[in-house]
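If you want the building blocks of each chain, they are given just below.
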Amino acid sequence: MTIEARGGAAGLAFTLEEGGVLDLIERYEFKYLVPERLVPEIRATACAVGRRDRYADERGVYRIRSLYLDTSGFDLYWANEREQRDRFKVRVRSYPGKKSPVFLEVKRRVQDVIVKSRASVSADGWQELVTTGSPALLDKLPPHVRKGAEKFITAVHRHDLQPKLLVDYEREAYESTLDRYARITFDRKIASQRRETLDLEAPLRGGWRPVDHPVQTSTYEPVCVVELKFERRPPAWMVALVRRLELVRRSFSKYCYGVTAQLTLPEVRAARIEGGLRA
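The paragraphs below set out a description of the structure included in this document. (Residues numbered from 1 in each chain as written. Predicted model: local features only at pLDDT ≥ 70, side-chain atom pairs only at ≥ 80, totals over all residues. Heavy atoms only, no water.)

**Focus: the overall build of the chain**
Right, on to step 1. For the chain, the helix and strand inventory stands at 10 helices and 10 strands.
Right, on to step 2. In the chain, which comprises 279 residues, the share counted as buried stands at 54%. (Helix = DSSP H or I, 4+ residues; strand = E, 2+ residues; numbered from the N terminus. Buried < 20%, exposed > 50% of the residue type's maximum accessible area, 1.4 Å probe, protein only.)

Structure representation (structure tokens):
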């Protein structure tokens, strides 16, 4: 099997920022739905070339919760479903169980190139900042953070974006010590819940539906969402891993699968929530 990156980023930073690009992260992300039986071999490779993410807990994982915003007609959802060449997502990200800020993110994809703008803001006042775009609140942010926050707020108000969906999952991550930037992540216990307010909090019971359910993934055995992330060209060890295990890339948007799950799947059982969404 081959692993290749297509598309270029020429002019993309200007399109996103109309100027400075201090808050941009450019990379490639390839996703695979991998049977759990293959995970130990992939993990062994990750450990051989790198180290576990420093934010992992004693179990080797950390939780991610994202609030996705979209138009009333779900235009961002449909742009992804139709695999539009140039598309983006707007989300608010947090890390439950950790004392950390909230991150305002605009994640844009042009062909295979991922360019992400990220601004870290206080977990206490982000709703007012997003709702009002108050110059007084923006002035309190460091210059590079303000730039990312302004881009997020501009996207929200220009497209009249509203909260639509919470997505929560566990991540096991490894970062290469051989390359400037290369990561392998394993995402599990992915669940979604409808949301119509700017709020990242949610009860552990009720409303959650599994996103990585076999009905959604069209698989006959449990799978893990594996992502290979790198700059420009994939490292040789990553190419060898994909070829050895004959991994096949899949399009897997947690947001889009989450929206579909809300429409087609029953609520996730309490046991799953208690195991995967602990506070």
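Following the structure, the description resumes.
**Some details on the pattern of salt bridges**
Opposite charge on two side chains permits them to pair, given that their charged atoms come into close proximity.
Right, on to step 1. Scanning the entire structure with this criterion turns up 29 salt bridges.
Right, on to step 2. The salt bridge partner of Arg244 is Glu41, with a shortest N-O separation of 3.0 Å. With Arg244 in helix 8 (residues 236–245) and Glu41 in helix 2 (residues 39–49), this pair connects stretches of sequence that are 203 residues apart.
Right, on to step 3. Look at the salt bridges and you will find they share partners, linking Arg171, Asp187, Glu227, Lys229 and Lys254 into a network. (Salt bridge = Lys/Arg side-chain N within 4 Å of Asp/Glu carboxyl O.)

**Regarding the side chain of Ser176**
Right, on to step 1. Within the secondary structure layout, Ser176 lies in strand 7 (residues 162–176).
Right, on to step 2. Setting aside residues up to four positions removed in sequence, Ser176 forms contacts with Val49, Gly50, Ala182 and Trp237. (Contact = heavy atoms within 4.5 Å.)

**What about the packing of helix 2 against helix 8?**
Relative orientation and spacing of two packed helices are given, respectively, by the angle between their axes and the distance between those axes.
Right, on to step 1. The interhelical angle for the contact between helix 2 and helix 8, taken along N-to-C directions, is 165°, at an axis separation of 11 Å. The orientation of helix 2 relative to helix 8 falls into the category roughly antiparallel. For the pair helix 2 and helix 8, the sense of crossing is right-handed. Judged by residue contacts, Glu41, Ile42, Thr45 and Val49 of helix 2 engage Trp237, Leu241, Arg244 and Leu245 from helix 8.
Right, on to step 2. Of the residues contributing to the contact of helix 2 with helix 8, the split by class is 5 nonpolar, 1 polar and 2 charged. (Axes fitted to C-alpha atoms, helices over the stretch in contact; angles between N-to-C directions. Parallel < 35°, antiparallel > 145°, perpendicular 65-115°, else oblique. Left-handed = near helix turned anticlockwise from the far one by under 90°. Nonpolar A, V, L, I, M, F, W, Y, C, P; charged D, E, K, R; others polar.)

**A look at helix 2**
Residues spaced three or four apart along an α-helix point in a common direction, a consequence of the helix completing one turn every 3.6 residues.
Right, on to step 1. When helix 2 is considered as a whole, its buried residues turn out to be Val39, Ile42, Thr45, Ala46 and Val49. Each buried residue of helix 2 lies within a common arc of 125° when the element is viewed along its axis, so the set occupies one face. (Arc of directions from axis to C-beta.)

**What about the packing of aromatic side chains?**
Right, on to step 1. The tally for this structure, following the rule as stated, stands at 9 aromatic pairs.
Right, on to step 2. Relative to Phe230, the ring of Phe30 lies with its centre 5.3 Å away and its plane at 90°, an arrangement referred to as edge-to-face. With a gap of 200 residues between them, Phe30 in strand 1 (residues 24–35) and Phe230 in strand 10 (residues 223–230) connect regions that are remote in the sequence. The same class applies to Phe30 as to Phe230, namely buried.
Right, on to step 3. Geometrically, the ring pair formed by Tyr77 and Trp78 is edge-to-face, given 5.0 Å between the ring centres and 80° between the ring planes.
Right, on to step 4. Its relative accessible area of 9% is what places Tyr77 among the buried residues.
Right, on to step 5. An aromatic cluster is present here, built from Tyr68, Tyr77, Trp78 and Tyr255 joined pairwise through their rings.
Right, on to step 6. Just above the ring of Phe30 sits the side chain of Arg249; from NZ or CZ to the centre is 3.6 Å.
Right, on to step 7. When the ring centre of Tyr169 is taken as reference, the NZ or CZ atom of Lys254 above it lies at 4.7 Å. (Phe/Tyr/Trp six-rings, centres within 6.5 Å; stacked < 30°, edge-to-face > 60°. Lys NZ or Arg CZ within 6 Å of the ring centre and 35° of its normal.)

**Points about the environment of Asp212**
Right, on to step 1. Topologically, Asp212 is positioned in the loop between strand 9 (209–210) and helix 7 (214–217).
Right, on to step 2. Taking the C-alpha atoms as reference, Asp212 lies 9.1 Å from Ala261; in sequence the two are 49 residues apart.
Right, on to step 3. In terms of polar contacts, Asp212 uses its side chain to reach the backbone amide nitrogen of Lys189, at 3.3 Å.
Right, on to step 4. A distance of 3.4 Å separates the side chain of Asp212 from the backbone nitrogen of Ile190, its partner in a polar contact. (Polar contact = N/O pair within 3.5 Å; in protein donor to acceptor, adjacent residues only side chain to side chain.)

**Notes on the pairing of strand 5 (residues 102–110)**
Right, on to step 1. Among the 9 residues of strand 5, 9 are classified as buried, and the element is accordingly described as predominantly covered.
Right, on to step 2. Residues of strand 5 alternate between two faces, with Val102, Leu104, Val106, Arg108 and Val110 on one and Phe103, Glu105, Lys107 and Arg109 on the opposite face, all of them buried.
Right, on to step 3. Bridging between strand 4 (residues 86–94) and strand 5 involves 8 bridges; their strand directions are antiparallel. Each bridged residue has a counterpart across the sheet, and for Phe88 the counterpart in strand 5 is Arg108. (Pairing = 2+ DSSP bridges.)

**So, the nonpolar core**
Right, on to step 1. Formed by 28 residues in total, the largest nonpolar core has its most connected members in Val90, Val92, Leu104, Val121, Trp126 and Phe152.
Right, on to step 2. Where this core is concerned, the elements lending two or more residues are strand 3 (62–70), strand 4, strand 5, strand 6 (113–121), helix 4 (126–132) and helix 6 (143–158).
Right, on to step 3. The element contributing the most residues to this core is helix 6, with 6 residues.
Right, on to step 4. Apart from residues lying up to four places away in sequence, Val121 is in contact with Pro101, Val102, Leu104, Trp126, Leu129, Leu141 and Val145.
Right, on to step 5. Core analysis: the next-biggest nonpolar cluster, separate from the first, contains 25 residues, Val115, Tyr174, Leu228 and Met238 among them. (Core = buried A, V, L, I, M, F, W, Y, C linked by side-chain atoms within 4.5 Å.)

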